[in-house]
Structures are given as structure tokens and as C-alpha cells.
Amino acid sequence: MFQKKPEIAPSAATCGDGDKRPRLHLLAAACAALPLWSTGALAQTTPGPGQLQVITVSAERRLENIRDVPSSVSALQGDILEALGTSGQDVRALSGRVPSLNIESSFGRAFPRFYIRGYGNTDFRLNASQPVSLVYDDVVQENPILKGFPVFDVARVEVLRGPQGTLFGRNTPAGVVKFDSVRPGKTVDGYASISTGTFQTVNAEGAGNIPLGDGLAMRISVLNQTRDDWVKNTYAPGPTRELEGYRDSALRVQLGFESGKDLSVLANVHGRDYKGSARLFRANIIEPGTNNLVAHFDERTISTDGINNADLQNVGGNLRVRFGLPGMALHSITGYEHVKTYSRGDIDGGYVIPQPFPTPNITGPGFIPFASESADGMPKHSQITQELRLESDIRGPLSWQAGIFLFREDYKIESFSYDSTAGNAQDGYLRVRQKNDSASVFGNANYDLTPELKLRAGMRYTRDSKTFNVEDYTNSGFAACFGPSNNIIPGPVKCTLADLAAQGPLSANPKDNKLSWDLSATYALNKDTTVYARAATGFRGSSVQGASAFNDQSIAGPETNTSIEAGIKADLFNRRARLSFSVFSYSVKDLQLTAVGGTSNANILLSAKKATGQGFELDLQSQLTNQLAFSLGVGYNDTRIKDGNLAVAYCAACTVTDPTTVRGSSNVALIDGNPLPQAPKLTTNFTLKFVQPLAGGDLYAFTDWVYRSKVNFFLYESPEFTGKAMTEGGLRVGYIWGNGKYDAAVFARNITNEIRVVGGIDFNNLTGFINEPRTFGAQLKVLF
């Protein structure tokens, strides 16, 4: 339960409880907290001059050397987390920091969408499920809004690639991103950090460890990030004059108790409060026929007639208990999460000034066929989880785990539409409710056939059910409903809940029963090199999207991923370097896809017969000299949709390069053979750190770079909605003194100021949204 040091600890100059200052040794796992399920510290030795520290991870729900894990796993901690957090970035900053990981959002600092090996979900609805699961302090964060919780006072982030269905359950067919907070320790210590930068950005973070005696300790961690508005609305009547500012505050309080070796308890209460801009959509910023920004594009201005704002409140808690029993240990993990959110934005990204018929409306920037302003909110939400897990605690060739997992989520979603041509008055409302219950039993066993050859196998049986209902609906945005409107929306008129019901069902109750399994083997070629092979399955439960003004209800059944991979992991050159290389291939049956947008602005669930992915991942860290260290990560992912009959609606103003046809009264694009959306074929990350002793302290420079190749924003292909390849770099230069107590640094993010369109809205005009521009800042951090 407590923050523990290795049995042979690194020197005080390189590590300490809760120490988050930059270190020469990249990813120094000795400074990370031990998970609650660990039965003791993993023996380590102090690295010699120029050697890398051992990385320990909990990918298999036990603490072990990353070299012994029979799957593709990466860990982030230390310098890179410090560099990203100091500048006030959110969880999206982790995108590309390990091979084959992509993160994007059309909501801004809320609702991040994760993709591993090109496999994810672009659905923007608040009840969307994702094939990448996020686990924060051993508790799954199922709802997409929960996944945006800030990253602060974190010991490490683990990215587990490939299906993780046996030990982490449903909705993990692509993988898991796992966050472990720094835990309470036995000494009084902590840190305080403050940084300030471009756009009056202020990032204040701190944590304190308080031993309370008799095996009891507390850790309090706080974060407050603020930024002023830096985008000016040049449309004078626009109700929101300045945009892109925010205040994002978070708190975590942990209370730990330990009594001998047989009982440990860790309670965690946390919360988040966000207020600021929603994602900023910009009308007609893409040059037709290309994916270039229009000439004279200015990221600091916009012309819009809509209202933009977002609020989010999240509170939760968990209780993790470990009981020692004869020959085994019992783990109980109880979690509760609640989130409330509201986000409103101008979807068309510009302005529309109505004119008397037949005079065309005045619009800008560029032509906007109709005004579109909307909001989504979640006024009610609760998630309750319970896991009971037994694990063996005896020495021998056989070790095992077995347990049960229960999950319940209940929430309501409200969607609003507004008429920005009529004083931004509300003209539509939809409320839905979804309940999700899941129960599973699982088991996993490891057996050492020889000291070199080790086998692992596991299974999990899951029963998953959803209940979905449309509870309320009104719409005055159609001329035939409650009065004239300047919005022109094609399709059958649906004014009331009864009108929706007349078009089709308003409720659904899909139920799934699935068995997931994995089988793996590792073989030690020598004491420093291991090869492995793994086959595994995972599934995502059925999804429902309700009927609305734009589409009927749609349901996608469960998808199942079957994956194989093999790799090698090695410590090289007397532990001056560490290498991990893997190759993989996966096939997803009945892949759930979300056809978003199109000329009707629909959000429809589809099932592709099959999708495939194949590629490789490379992770390399090296201590080149006692003063110079670097890391390199490469991910190659070749994904394909394989369904010759699958077609989707496409954009209103772009150039479609897929074959097109007419089905019913709709023009559609055939997407067989297309890559998965938001799936870059190549991701690369690189870091380099240099340390020079100076005047009793250390002068250091740390730079980090990330590259991703082009991506499709949608299921169909078009040049306008193909995101260009993107490279972003960061630099941090600082000085540490006082035996590591003080750290002063200056930093820059996106130092080349490369501005790219990173997502689009396709149903109205060539609307896009962009990455953040270059920023600078300075930080002071104090350890105590």
C-alpha cells in the first residue's frame, strides 16, 4: 500500500518518495510506487554508472520486470510526464509518446478518444464505448468523459497493446491505458510546482505525504491549470467574444493503512472541476481539393455567431484492500464515479445572416448552407464497480489468479439544438437514458516449465447487457413544426416524441455473452534477453445510438478481436540500452463503426464484416554516456476495412475519392479497403537528455519529439478530410540544485509552430479544428 523503495535503493541524488524531478536515467522505475497487489518489493540492484534502471510494470496485475511480460507494453514516467504536465497540457499530450498510440478529441479537454494499433472509435456521442479501456488507479473509467481526468502526481502510465480481455474485461480488444498515482509513503515529503507561459497559462501542482503513525499515511495531490482566452471572435454580433481559455482543477486524497504483511488498505477520493471553452470549430479553413489550410489562416481569430462554453464536474472514490491468506491473497477493489458535463459550440463554425426570400443568406467565412449550433450534457451519471480477486502467494513453478468483476453504469444524456439566426434560442431537445450491467468471472495461470520457458494462459466469461431509452424529444427547428426556421434540414419531419416513435423504435436492450482468452509463452535466451509469443481475444459489447431528428435508432452487435504477436526484449551493452521489438496481426469480426456527419448530419452505428491490422513496434532506450540518454519509439500499423457491401454517407462540400453509388435516395461512398479512421500508419517518438554537473548542481536539457503520418478523419476518403502528417517537438532546459531540492526550467511546446487540421465537421462546410500553437514558459519546482 505504501510508497516503497527497492530493497537496494538508488542513491538519494537520483530518487526519493514522490520525487518527480527530471532524472538522467529515463523511466526510472525504482521511483515508482508499488501496486497494492504486490506482495513485496521487487528486488533490484542500484544501476552502475551509465546503466538504465529496471522498469517494473503491472500489465499482468502483478508487479514484474517489463522484460518478462509476454506482450507489447510501454511505460511512461519521469522526464516526459514532467515536460508534458508542466506546460498545462491534458491527456491528449500522451498521443504518440509510445508506439501505436493515438489520442484525439472533438470536445477539447474532455472526451478523449484513444486508438491503439489504429483501432479505436470516432463516435462523439456521450454514450459511446471505446475498444481502448482506460484504467485509473485500478478502476476502469468507462464513460468517455471520465477518460479525460487530468494526469498529475502519477507514478507511471502503462500502455498495453493488443486484447486484454482476460485480466481487464470487456471493451479492451485494442488494449488498455493504465494510470497509477503516486501512493502514500512513510516519510514526510512532497513537492510544489508552478509554471507560467504563453496566453497567461499557469500550471500549479503539488503533493504532500503525511505519515499518521501506526501504519497509517495520507497523500494529498492538487492541480490547477488556467489559461486566458487567446482567440478573438471578429464577428461583432457574436455572443462569445473570446475563446480557448479554461480553468481545470483537480484533487486527489489517499489514505493508506498497512498492518504487517496480511492487511493493506488504500482509500482514494478524487474530483475535477473544469470550466472553459468547448472545442472550437472553424468554418471553411480547408482549401477545397487539398488538405491545406486556406491562405492567410490566422489561428488567433474566428468569425462565429454561436455560443461556446463547457463545464465538467467529476467526483469519485475507490477502496482497495488486500488480505493475506494461507498460500494466497484476496484483493477487493471497489470503485464509484460520477460525472456531470455540458458542452455547447457553433458546429458550422461561422455565421449566417438571414435574408428575405429569395435573397441568399449572408454567410461567412465562405459559404455556409445553414446554421448549426448544438450542445450535449450529462445531468445524471453513476458508475459502480467491484472486483474480488484471489492470487497465489507461494513460491513454485505455478502461480495463478482468479476472480469476479461486477459493473453498473446508469446515466442520462441531454442534447440541445439552437438557432443562431434567432438570438441563439433553443429549438430542439432530446433526452436518452442508458443503463449498462456487466458481470464476469476470470482466471489466469502461469507455469514455469523450465527456468527458461514459461507459459501463461487465461480465460474470462462475461455477461453484458444494456438498456437504452429515448425519454423526451421536441424540435421546433423545422418549418412544419412550431414555426418558421432559417435552418434547412432534409428528411422526414419529426417534431415530437410521438413523431420519432412513428419512424421506428426508441428503445433497445442488447445482451451479450462472451468468452475471452489468451495464451502466451516466454523463453529466456540468456539472463538479459527474452523472446515471447502471444495469442489473445477481446471483445467490445453491443452499442446503441438512439433516434434523433437526423437518423433512426441504430444498434451494432458485439465485436471480437483475435490477435497474435511475437517479440523480443533485451537489456544490451551491460544495461546501457534496452530494446523491445514486436510484430503483430489482428482481425476484428463485426467491427463497430460510427458513420458520423454526411450531408444529413447523422450518427449511425454500422458493423463491418471484418477489419484487419498488422505491423510492428520498437521501443529503445539507451544511456549513451553518463551524461547523455535517449529513447526512440516506432509504431507501424497497416489497417484495412474489409466489407465489400459497406457504404456511408459522405461530405457536403469535399472531394470524395472512394467509389460512390446511390442507395435509396442517398448518395453513399463504398469504403471497402479503406484504413480505419484516425489510424496513422506510422508513429515515431524520440527523446534526448543531456546533463552537465555545474556549481554543485546539474544543468540539463531535455527535448522530445513525436511524429504521426497522415490520417483519415472519416470512414470515407477525401483530400480535404485527410489530416496531414504532423510533427511536434518540445524543449526543456533547467538547473537542479540543493541536492535535487530545487528545479528551475524554461520550456517550449510545438517549438516549430506547426499548425495542422486535426479533425473536421463534414455535413455543412469544410469545417476543421486545429492543434495548439507554439507556447513558451518557465517553471519552478521545490521538493520537501
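On a predicted model such as this, the values are computed, not experimentally measured, just so you know.

1. Some points on the sheet that holds strand E13 (residues 231-233)
Reading across the sheet, the 3 strands line up as E14-E13-E17 and stay open at both edges, with mixed pairing between neighbours. Each end of this open sheet is capped by a strand with a single partner; those strands are strand E14 (242-243) and strand E17 (301-302). Two strands pair when backbone bridges link them, and E13 and E14 are joined in this way by 2 bridges, in the antiparallel orientation. Residue pairing in the sheet places Val231 in a bridge with Leu243 of E14.

2. Considerations on the state of the cysteines
Simply put, disulfide is the name for a covalent bond between the sulfur atoms of two cysteines. A full pass over the atoms with the stated rule returns 1 disulfide. Through a disulfide, Cys651 is tied to Cys654; the S-S separation comes to 1.5 Å. Note on the Cys651 and Cys654 pair: the S-S dihedral is about -75°, so by sign convention the disulfide is left-handed. Assessed through its relative accessible area of 15%, Cys654 is described here as buried.

3. Notes on unusual backbone geometry
Residue Pro358 is bonded to the preceding Phe357 through a cis peptide linkage, with omega at 10°. In this model, Gly364 is joined to Pro365 through a cis peptide bond whose omega is -10°. Secondary-structure assignment places Pro365 in the loop between strand E21 (362-364) and strand E22 (373-392). The phi dihedral of Asn750 is positive, around 50°, even though this residue is not glycine.

4. A look at the sheet that holds strand E37 (residues 666-670)
Sheet architecture is open: 3 strands sit in the order E35-E37-E36, paired in antiparallel fashion. Two strands bound the open sheet, and with one partner strand each, they are strand E35 (647-649) and strand E36 (660-663). Across the sheet, the mean angle from the axis of one strand to that of its neighbour is 45°, orientation sign disregarded.

5. With respect to the pattern of salt bridges
This structure, assessed with the given rule, holds 48 salt bridges. With its nearest N and O atoms 3.6 Å apart, the salt bridge here joins Arg156 to Asp180. Placement of Arg156 in strand E8 (residues 154-161) and of Asp180 in strand E9 (residues 175-181) is noted, with a sequence separation of 24 residues between them. Across the pair, exposure class does not vary: Arg156 and Asp180 are buried alike. The salt bridge involving Arg431 is made with Asp472; its shortest N-O contact spans 3.8 Å. Residue Arg431 is found in strand E24 (residues 425-448), and its partner Asp472 is found in strand E25 (residues 453-475); the two are separated by 41 residues along the sequence. Given the relative accessible area of 26%, Asp472 is considered partly exposed.

6. Focus on the pairing of strand E10 (residues 189-197)
Of the pairings in the sheet, the one linking E10 to strand E11 (residues 201-213) comprises 9 bridges and is antiparallel in character. Within the sheet, the bridge partner assigned to Ile194 lies in E11 and is Ala204. Once E10 ends, the chain turns through 3 residues before running back antiparallel as E11, passing Phe199 with a positive phi of about 60°. As judged from the 7 bridges shared by E10 and strand E46 (residues 775-783), these two strands associate in the antiparallel manner. Bridging from a neighbouring strand, Ser193 pairs with Lys781 of E46.

7. Considerations on the packing of aromatic side chains
Enumeration according to the criterion identifies 21 aromatic pairs in this entry. Measuring from centroid to centroid gives 4.6 Å for Phe199 and Trp230, while their planes differ by 15°, and the two rings are stacked. Taken together, the residues Phe199 in the loop between E10 and E11 and Trp230 in the loop between strand E12 (216-227) and E13 connect sequence positions 31 residues apart. In terms of burial, Phe199 and Trp230 fall into one category: buried. Judged by centre distance (5.8 Å) and plane angle (35°), the rings of Phe581 and Phe616 are tilted. Taken together, the residues Phe581 in strand E32 (residues 577-597) and Phe616 in strand E33 (residues 602-623) connect sequence positions 35 residues apart. Following the ring pairs from residue to residue traces out a cluster consisting of Tyr136, Phe149, Phe152 and Phe179. Just above the ring of Phe111 sits the side chain of Arg113; from NZ or CZ to the centre is 5.7 Å.

8. Quick look at the nonpolar core
Core analysis: the biggest nonpolar cluster contains 61 residues, and Leu94, Val177, Leu593, Tyr716 and Phe721 have the highest contact counts within it. For this core, the elements supplying multiple residues, two or more each, are helix H1 (79-86), strand E4 (101-104), strand E5 (113-116), strand E6 (132-136), E8, E9, E32 and E33. At 7 residues, the largest contribution of residues to this core is made by E32. Sequence-distant contacts of Leu94, defined by excluding residues within four places in its chain, comprise Leu76, Leu81, Leu84, Leu101, Ile103, Val157 and Phe179. Phe107, Leu126, Ala310 and Leu430 belong to the second largest nonpolar core, which has 27 residues in total.

Rules used throughout
Residues numbered from 1 in each chain as written. Predicted model: local features only at pLDDT ≥ 70, side-chain atom pairs only at ≥ 80, totals over all residues. Heavy atoms only, no water. Pairing = 2+ DSSP bridges. Helix = DSSP H or I, 4+ residues; strand = E, 2+ residues; numbered from the N terminus. Disulfide = S-S within 2.5 Å. Buried < 20%, exposed > 50% of the residue type's maximum accessible area, 1.4 Å probe, protein only. Axes fitted to C-alpha atoms, helices over the stretch in contact; angles between N-to-C directions. Salt bridge = Lys/Arg side-chain N within 4 Å of Asp/Glu carboxyl O. Phe/Tyr/Trp six-rings, centres within 6.5 Å; stacked < 30°, edge-to-face > 60°. Lys NZ or Arg CZ within 6 Å of the ring centre and 35° of its normal. Core = buried A, V, L, I, M, F, W, Y, C linked by side-chain atoms within 4.5 Å. Contact = heavy atoms within 4.5 Å.

By themselves, these observations are geometric and do not establish any function.
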